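For reference, the chains in residue letters:
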Amino acid sequence: MPKHIIIILVLCFVTKSYSQIDPSLFSMDYTLAPLGDDDFDFYKTSINFKVPIKLKKGVLVNSVKAVFFELQYHNNHSFTTDDLNNFYNFNYGLMYSYPINKKWNISAKAGISAVSNFTSGLNSDDLLFNSGVFMAKKGGTIKKPSLLMFGLGYTAISGKPRVLPFINYTKKVSPKFSFGVGFPNLFARYRMNDKNSLKTSLSMDGFYSNLSNSVAVDAFNKAEKALFRTIMLAIEYQYWMSDFWAITFKTGYSVYSIYELEDANNNTVYEFDATSKPYFSTGVKFNLSKKINKNRK
């Protein structure tokens, strides 16, 4: 099991105006995948925190995200994996959302991440930049709203940083059922009552990390980067402990995984055996949507 225990104390001030746009302000998740016949187990701790600022026209959102991956290797390899046990991702993002009219909204975001195993401190190779421009259109009715979002982003969500299109359509079909289709996530949610809901999803996860010190794979090749990517199919149960706090339990299966080491020219110099396997996750979130829905009623 992981040796790292993360304790987070959060104090946040919530503005009423921001809650109408994105009610989720804080979340923390812990994921583990210890079962499988591949070369490694992986454990992940993720923390997200958002601070909104209401402007005269639009909203400015500051976001901070910290992700910690721990890998534990099953098999002996021809090289040492001591520097490949822990990977960290610290991200700061800034997004500005501007309402064009009652239906259309445009958002622009930019951020910087420090992604590395940090075996020798922080350097410029650890830094990754991300950005994006998105349009959103509200539709449907008050009881059955929909939202269409599309745009372009420069991101490492699929592994190596690149420009990718983003498109997503979400729809509330009834008081109990809603869904979302698009890239990079798919989901369907069933709300049993005010406190309990179930959600199925297909999502992508992983990291693209710099290695502070190169790892000699063999006499001819040195690894400078590590790439881990997995596509996960999951079912999630969410329980509201109060109007603001919810706890989640998730179980799923990684239908596709890849974990490889790359040299300075982005050539693969070693690929670990990363088979499909089950995983488990639990988390907590601070969310205003339940309180907002009560006020609307």
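Note that the structure is predicted; figures quoted are calculated from it, not measured.

So, how was this worked out
Residues numbered from 1 in each chain as written. Predicted model: local features only at pLDDT ≥ 70, side-chain atom pairs only at ≥ 80, totals over all residues. Heavy atoms only, no water. Helix = DSSP H or I, 4+ residues; strand = E, 2+ residues; numbered from the N terminus. Buried < 20%, exposed > 50% of the residue type's maximum accessible area, 1.4 Å probe, protein only. Contact = heavy atoms within 4.5 Å. Areas by Shrake-Rupley, 256 points an atom, 1.4 Å probe, with all protein chains shown as cover. Core = buried A, V, L, I, M, F, W, Y, C linked by side-chain atoms within 4.5 Å. Phe/Tyr/Trp six-rings, centres within 6.5 Å; stacked < 30°, edge-to-face > 60°. Pairing = 2+ DSSP bridges. 1 Å grid on protein atoms, 1.4 Å probe; cavity = no way out; pocket = protein on both sides within 12 Å on 5 of 7 lines; lining within 4 Å. Points joined across faces, edges and corners; volume = space filled by probe spheres on them. Nonpolar A, V, L, I, M, F, W, Y, C, P; charged D, E, K, R; others polar. Salt bridge = Lys/Arg side-chain N within 4 Å of Asp/Glu carboxyl O. Patch = residues over 30% accessible without salt bridge, like charges linked within 9 Å, V, L, I, M, F, W, Y side chains within 5 Å.

A. Region of the structure containing the overall build of the chain. What the chain contains, in helices and strands, is two helices and 15 strands. Here the chain, with 297 residues, has 39% of them falling under the buried criterion. Contacts in the chain between residues far apart in sequence, at least 24 positions, make up 54% of those at least 6 positions apart. Summing over all exposed atoms, the chain offers an accessible surface of approximately 16,400 Å²; the carbon and sulfur share of this is 61%.

B. Structural view of unusual backbone geometry. Unlike most non-glycine residues, Phe118 shows phi in positive territory, near 50 degrees. Take Phe118: it is sitting in the loop between β5 (104-116) and β6 (127-140).

C. Geometry of the environment of Val163. The topology assignment puts Val163 in strand β8 (residues 162-172). Judged by its relative accessible area of 56%, Val163 falls in the exposed class. Remark: the alpha-carbon pair of Val163 and Asn130, spanning 33 residues in sequence, is separated by 9.4 Å. Here Val163 is in contact with Leu152, Gly153 and Tyr154, once residues within four sequence places are set aside.

D. Local environment of the nonpolar core. Core analysis: the largest hydrophobic core is formed by 25 residues, its most contacted members being Phe40, Leu71, Leu84, Phe87, Tyr259, Leu261 and Phe272. Those elements that provide at least two residues to this core are β2 (40-54), β3 (59-73), β11 (196-216), β12 (222-240) and β13 (245-262). Membership of the second largest hydrophobic core comes to five residues, among which are Val115, Tyr208, Leu227 and Ile258.

E. A look at the packing of aromatic side chains. Tallying each qualifying case throughout the model produces 27 aromatic pairs. Ring geometry for Phe79 and Tyr270: centres 4.9 Å apart, planes at 80 degrees, overall edge-to-face. With Phe79 in the loop between β3 and β4 (86-99) and Tyr270 in strand β14 (residues 268-271), the pair connects residues that are 191 residues apart, well separated along the chain. In this structure an aromatic cluster arises from ring pairing among Phe40, Phe42, Phe69, Tyr73, Phe79, Phe87, Phe207, Phe228, Tyr259, Tyr270 and Phe272.

F. Looking closely at the pairing of β3. Note: β2 against β3, 15 bridges, orientation antiparallel. When the sheet's bridge partners are listed, Pro52 is paired in β3 with Val61. A loop of four residues connects β2 with β3, the two strands running antiparallel in sequence, and Gly58 in this loop sits at a positive phi of about 100 degrees.

G. Representation of empty space enclosed by the protein within the structure. Scanning all chains against the criterion turns up two cavities of 30 Å³ or more. What the largest cavity holds in volume is close to 40 Å³. Only β3 and β4 provide two or more residues apiece to the lining of the largest cavity. Here the lining of the largest cavity gets three residues from one element, more than from any other, and that element is β4. Class assignment of the residues belonging to the lining of the largest cavity gives a composition of six nonpolar, one polar and no charged. In this structure, the second largest cavity occupies an estimated 30 Å³ of space. Looking at the second largest cavity, the residues that line it are Asp38, Phe40, Phe42, Phe228, Ser254, Ser257, Ala274, Thr275 and Lys277. Counting only elements with at least two residues in the lining of the second largest cavity, the list comes to β2 and β13.

H. The arrangement of the environment of Ser158 in detail. Within the element layout of this structure, Ser158 appears in the loop between β7 (145-155) and β8. A relative accessible area of 14% places Ser158 in the buried class. Remark: the alpha-carbon pair of Ser158 and Pro184, spanning 26 residues in sequence, is separated by 9.0 Å. Residues contacting Ser158, with those up to four places away along its chain left out, are Leu164, Met204 and Arg229.

I. Summary view of the pattern of salt bridges. Overall, the coordinates contain four salt bridges when judged by the stated rule. The partner of Glu236 in a salt bridge is Lys250, and the shortest N-O contact between them spans 3.7 Å. Here Lys250 lies in strand β13 and Glu236 lies in strand β12, a separation of 14 residues in the sequence. Judged by relative accessible area, which is 12%, Glu236 ranks as buried.

J. Spatial organisation of a nonpolar patch on the surface. Together, Val64, Tyr92, Leu94, Ile112, Leu122, Leu127 and Phe129 make up an exposed nonpolar region whose accessible area comes to about 620 Å². Residue assignment for the nonpolar patch shows that the elements contributing at least two residues are β4 and β6. Take Leu122: it is sitting in the loop between β5 and β6. On the accessibility criterion, Leu122 (58% relative accessible area) is exposed.

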